[in-house]
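Tertiary structure, described
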Amino acid sequence: MEIRRAATVAELLAAGHLYDDPPREDWAARFLAAPGHLMLIAYADGDGFPVGFVSGIEMLHPDKGAEMCLYELSVDEGHRRRGVGRALTEALLVEAGERGCRGAWVGVDTDNDPALATYRAAGAVDEGVFTMRGWTFPDAR
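For the structure given in this document, a descriptive report is provided here. The shown structure was predicted, so the numbers you read here are calculated from the model rather than taken from an experiment.

1. So, the overall build of the protein
- Looking only at helices and strands, the protein has four helices and five strands in total.
- Secondary structure elements in the protein, listed N-terminal to C-terminal, are β-α-α-β-β-β-α-β-α.
- Since a compact globule built from 141 residues should have a radius of gyration of about 14 Å, the 15 Å found for the protein is in line with a globular shape.
- Referenced to the eigenvectors of the C-alpha coordinate spread, the extents of the protein come out at roughly 45 × 35 × 30 Å.
- For the protein, with 141 residues in total, the buried portion stands at 31%.
- For the protein, long-range pairs separated by at least 24 residues make up 56% of all intrachain contacts whose partners lie at least 6 apart in sequence.

Listed below in structure tokens is the structure:
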């Protein structure tokens, strides 16, 4: 397995089977152009098939400095339980450290046992239960 930072829209679109919804070319371009956004893609040995990704967003705050938010982690169903998720998570943490982030965090559903195990294996500690509220804008561009 090889992990590389996505640098082109074509790379993001080629990993579309790993996303929750079909990717859009214009959103992929915006993602790549946005400061602090990154996506690392894991490729299978031999055929170069995208088997997983992790996306992160570097966040800044006056009293917290820079922190990396692990925004999403996805591994192709046929490649799960092989260390792909852990390797991607660890690669994102290395990138965060190289960027000068003072820490990283991820929001995860409390009943998502595979994700919890992956993050625990990569060294994450439980910081307590929290709730998340969201807003959806129907006319998102």
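Moving on from the coordinates now.
2. Quick notes on the side chain of S74
- Turning to its location among the elements, S74 is positioned in strand β4 (residues 65-75).
- Within the structure, the side chain of S74 is placed 2.8 Å from the backbone oxygen of L18, a separation counted as a polar contact.
- When residues no more than four places from it in sequence are discounted, the contact partners of S74 are L18, V51, G52, F53 and L88.

Cut-offs and rules
Residues numbered from 1 in each chain as written. Predicted model: local features only at pLDDT ≥ 70, side-chain atom pairs only at ≥ 80, totals over all residues. Heavy atoms only, no water. Helix = DSSP H or I, 4+ residues; strand = E, 2+ residues; numbered from the N terminus. Rg over C-alpha atoms; globule rule 2.2 N^0.38 Å. Buried < 20%, exposed > 50% of the residue type's maximum accessible area, 1.4 Å probe, protein only. Contact = heavy atoms within 4.5 Å. Polar contact = N/O pair within 3.5 Å; in protein donor to acceptor, adjacent residues only side chain to side chain.

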